[in-house]
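Letter by letter, the chains look like this.
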Amino acid sequence: MPRLHFTPPERFRFTTDIQIYISHVNQGGHLDNAQLLTLVSEARVRFFKALGYSEGDVAGHPIVVGDIGAQYQSEGFHGEVMCVSMEPTDFNRYGFDLAFQMREKATGRDVARGKVGIVFVQREVKKVAQVPAAFLQRLDAVFGPDAP
């Protein structure tokens, strides 16, 4: 399988800081790959919260993660604070990719980047739903338009 490569967007409109706890570190002494996804998931929850939503109700629809991919740039270590930046990209009829970039806050060292595929769902029938217009409007109202 070829290596994953992600090119970050030109800018990120959402950023949050998350500290690496000892429970995030593996026996090699650095951020565990499964725990990286935990940190990205926490940042994703904060992204939606900054828009006034919970993941169970984003403009009337729950969202699910359709896929996720990550590319490591360097190790992360216990006690370091990660600055996790996110930007919605590649919208389609039923969702979008939430691109992320993780950097160590004190030095700006790149730790990881990737994307989370977000899919909107119709709660009652548990099938995909179209991206709600209200979500797109709120996104621009809170973070500003996506054009740099």
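Participant: So what exactly am I meant to see when it comes to the overall build of the protein chain here?
Facilitator: Secondary structure summary: the protein chain contains two helices and six strands in total. Taken from the N to the C terminus, the helices and strands of the protein chain come in the order β-α-β-β-β-β-β-α. In terms of overall dimensions, the protein chain is globule-like: its C-alpha atoms have a radius of gyration of 16 Å, near the 15 Å expected for 148 residues. In the protein chain, which comprises 148 residues, the share counted as buried stands at 41%. Taking all contacts inside the protein chain whose residues are at least 6 apart in sequence as the whole, residues at least 24 apart take part in 68%.

Participant: Would you mind going over the pairing of strand β3 (residues 81-89) with me for this structure?
Facilitator: Moving residue by residue along a regular strand, the side chains alternate between the two faces of the sheet. For β3, the buried fraction is high: seven of the nine residues fall into the buried class. Bridge count for strand β1 (residues 14-19) against β3 is six bridges, and the pairing is antiparallel. Pairing of Ile18 across the sheet is with Met82, part of β3. In sequence, β3 turns back onto strand β4 (residues 95-104) through a hairpin of five residues, with Asp90 there showing a positive phi of about 45°.

Participant: Can you walk me through the side chain of Gln101 in this structure?
Facilitator: Along the polypeptide, Gln101 turns up in strand β4. Apart from residues lying up to four places away in sequence, Gln101 is in contact with Pro8, Phe12, Cys83, Val84, Ser85, Ala112 and Arg113.

Participant: Honestly, unusual backbone geometry in this entry has me stumped. Any pointers?
Facilitator: For residues that are not glycine, phi is negative in most cases, and the peptide bond is trans in most cases. A positive phi angle is found at Asp90, which is not glycine, with a value near 45°. Among the secondary structure elements, Asp90 is positioned in the loop between β3 and β4. The exposed category is assigned to Asp90, whose relative accessible area is 57%. In the Ramachandran plot, Lys126 falls in the positive-phi region, its phi being about 55° despite a non-glycine side chain. Positionally, Lys126 belongs in the loop between β5 (110-122) and β6 (127-128). Its relative accessible area of 71% is what places Lys126 among the exposed residues.

Participant: Could you clarify how one ought to interpret helix α1 (residues 33-50) in this entry?
Facilitator: Since the α-helix packs 3.6 residues into each turn, any two residues three or four apart lie on the same face. Over its 18 residues, α1 extends 26 Å from the first C-alpha to the last, a length consistent with the 26 Å expected when each residue adds 1.5 Å. Looking at α1, one finds that the buried residues are Leu36, Leu39, Val40, Ala43, Arg44, Phe47 and Phe48. At its buried positions, α1 is contacted by β1, β2 (63-72), β3, β4, β5 and α2 (133-143). Within two residues after α1, Gly52 carries a phi angle of roughly 90°, on the positive side.

Participant: Help me understand the environment of Thr7, please; the structure alone is not making it clear to me.
Facilitator: If you trace the backbone, Thr7 turns up in the segment before β1. Classification of Thr7 by relative accessible area gives exposed; the value is 74%. With 91 residues separating them in the primary sequence, Thr7 and Leu98 have C-alpha atoms 13 Å apart.

Participant: Which parts of the structure should I look at to understand the environment of Ala141?
Facilitator: Secondary-structure assignment places Ala141 in helix α2. Overall, Ala141 belongs to the exposed group, its relative accessible area being 68%. Separated by 90 residues in sequence, Ala141 and Leu51 have C-alpha atoms that sit 9.1 Å apart.

Conventions and cut-offs
- Residues numbered from 1 in each chain as written.
- Predicted model: local features only at pLDDT ≥ 70, side-chain atom pairs only at ≥ 80, totals over all residues.
- Heavy atoms only, no water.
- Helix = DSSP H or I, 4+ residues; strand = E, 2+ residues; numbered from the N terminus.
- Rg over C-alpha atoms; globule rule 2.2 N^0.38 Å.
- Buried < 20%, exposed > 50% of the residue type's maximum accessible area, 1.4 Å probe, protein only.
- Contact = heavy atoms within 4.5 Å.
- Pairing = 2+ DSSP bridges.
- Expected span 1.5 Å × (residues − 1).

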